[in-house]
Amino acid sequence: MTKIKMTKARKRIMELFKDDCKPLNAEAISQKLNKEMDRVTVYRTLTLFVQAGLLNQVDLRKDSVYYELTSHHHHHIICTDCGVVEGFESCKAEDISEHALKSSHKFKIIRSHSLELFGLCNTCAKG
Ligand SMILES: [Zn+2]
Ligand SMILES: [Zn+2]
Ligand SMILES: [Zn+2]
């Protein structure tokens, strides 16, 4: 893992993620920072945070990559119509990992997992 220096600007980015479940992409972040940091720097900083294990990439099947804090392990349900995202805590993926390892011929260790579910939210299911 990379050790990184927490500059003021980097701290500001980390603070944007403080809320429990709020996946953000680079565009949302540079908007929130009021162009304090140019987009390229935001991208670079996000990549650095992922390398340092502070942020995870979340695959919401949207056009851009979303990020979230690694410190709070949880999963997501994403509406395929309007894109609304809800986090959920319960995690049975450890069982899946164990099963996967038992049936695997090539792997010895599972280190992490991500699990995102896709469906329709209450509003979109009505339409
Ligand atoms: Zn989340
Ligand atoms: Zn929806
Ligand atoms: Zn999990």
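Since this is a predicted model, take the numbers as computed values, not measurements.

Trainee: Teacher, can you tell me more about the coordination of the zinc ion (ligand 2) here?
Mentor: Coordination angles at a metal have ideal targets, namely 109.5 degrees for four tetrahedral donors and 90 or 180 degrees for six octahedral donors. Only Cys-79 (SG), Cys-82 (SG), Cys-121 (SG) and Cys-124 (SG) from the protein coordinate the zinc ion (ligand 2), and they sit 2.3 Å from it. Around the zinc ion (ligand 2), the four donor atoms sit at angles spanning 102 to 115°, and that spread fits a shape best called tetrahedral. Donor residues binding the zinc ion (ligand 2) come from one chain and are separated in sequence as C-x2-C-x38-C-x2-C.

Trainee: Quick question: what am I supposed to make of the sheet that holds strand β5 (residues 85–88) here?
Mentor: Strand pairing in a sheet takes place through backbone hydrogen bonds and is either antiparallel or parallel in direction. In spatial order, the strands read β5-β4-β6; together these three strands make up an open sheet with mixed pairing. The open sheet has two edge strands with one neighbour each: β5 and β6 (116–119). Neighbour-to-neighbour, the strand axes of the sheet open up by a mean angle of 20°, direction not taken into account. Bridge analysis of strand β4 (residues 75–79) against β5 gives four bridges, and the strand direction is antiparallel. Among the inter-strand pairings, Ile-77 is bridged to a residue of β5, identified as Glu-86.

Trainee: What is the right way to look at the packing of aromatic side chains in this model?
Mentor: The description of two aromatic rings rests on the distance between their centres and on the angle between their planes. If you walk through the whole model with that rule in mind, you get zero aromatic pairs. Lying over the aromatic face of Phe-118, Arg-61 brings its terminal NZ or CZ to 3.7 Å of the ring centre.

Trainee: What's the story with unusual backbone geometry in this structure? I'm lost.
Mentor: The backbone phi angle of Arg-61 is positive, close to 55°, even though this residue is not glycine. Here Arg-61 lies in the loop between β2 (55–58) and β3 (66–69).

Trainee: Any chance you could explain the packing of helix α1 (residues 8–16) against helix α3 (residues 39–51) here in plain terms?
Mentor: Each pair of packed helices can be described by the angle between their axes along with the distance between the axes. In contact at an axis separation of 11 Å, α1 and α3 are set at 70° when each is read in the N-to-C sense. With respect to each other, α1 and α3 are oriented roughly perpendicular. Contact with α1, carried on its side by Arg-10, Ile-13 and Met-14, involves Thr-45, Leu-46, Leu-48 and Phe-49 of α3 and no other residues of that element.

Trainee: I would appreciate a short explanation of the coordination of the zinc ion (ligand 1) in the present structure.
Mentor: In this structure, Cys-21 (SG), Glu-68 (OE), Glu-68 (OE), His-74 (NE2) and His-76 (NE2) serve as the protein donors to the zinc ion (ligand 1), at separations of 2.0 to 2.6 Å. Positions of the donor residues of the zinc ion (ligand 1), expressed as sequence spacing, correspond to C-x46-E-x5-H-x1-H. A residue pair is termed long-range when its members are at least 10 positions apart, and Cys-21 in the loop between α1 and β1 (24–25) and His-74 in the loop between β3 and β4 qualify at 53 residues. On the basis of relative accessibility, which here comes to 29%, the residue Cys-21 falls in the partly exposed class.

Trainee: Teacher, can you tell me more about the nonpolar core here?
Mentor: Soluble globular proteins tend to pack their nonpolar side chains together in the buried interior. Counting residues in each nonpolar core, the largest one holds 17 residues, and the members touching the most others are Ile-13, Phe-17, Ile-29, Leu-46 and Leu-55. Secondary structure elements with two or more residues in this core: α1, α2 (26–32), α3 and β3. The contacts of Ile-13, once residues within four sequence positions are left out, are Ile-29, Leu-33, Met-37, Thr-45, Leu-46 and Phe-49.

Trainee: Would you explain the side chain of Glu-68 in this entry?
Mentor: On the secondary structure map, Glu-68 appears in strand β3. Buried charge without a salt bridge: Glu-68, with Lys-22 as the nearest opposite-charge side chain at an N-O distance of 9.7 Å. In terms of polar contacts, Glu-68 uses its side chain to reach the backbone amide nitrogen of Lys-22, at 3.3 Å. Filtering out sequence-adjacent residues up to four positions away, Glu-68 remains in contact with Phe-17, Cys-21, Lys-22, Pro-23, Leu-54, Leu-55, Asn-56, Val-58, His-74 and His-76.

What counts and how
Residues numbered from 1 in each chain as written. Chains lettered and ligands numbered in written order. Predicted model: local features only at pLDDT ≥ 70, side-chain atom pairs only at ≥ 80, totals over all residues. Heavy atoms only, no water. Donors = N, O, S within 2.8 Å, 3.2 Å for Na, K, Ca; no water. Tetrahedral: all angles 85-135°; square planar, octahedral: opposite > 155°, others 65-115°. Pairing = 2+ DSSP bridges. Helix = DSSP H or I, 4+ residues; strand = E, 2+ residues; numbered from the N terminus. Axes fitted to C-alpha atoms, helices over the stretch in contact; angles between N-to-C directions. Phe/Tyr/Trp six-rings, centres within 6.5 Å; stacked < 30°, edge-to-face > 60°. Lys NZ or Arg CZ within 6 Å of the ring centre and 35° of its normal. Parallel < 35°, antiparallel > 145°, perpendicular 65-115°, else oblique. Contact = heavy atoms within 4.5 Å. Buried < 20%, exposed > 50% of the residue type's maximum accessible area, 1.4 Å probe, protein only. Core = buried A, V, L, I, M, F, W, Y, C linked by side-chain atoms within 4.5 Å. Lys, Arg positive; Asp, Glu negative; His and termini not counted. Salt bridge = Lys/Arg side-chain N within 4 Å of Asp/Glu carboxyl O. Polar contact = N/O pair within 3.5 Å; in protein donor to acceptor, adjacent residues only side chain to side chain.

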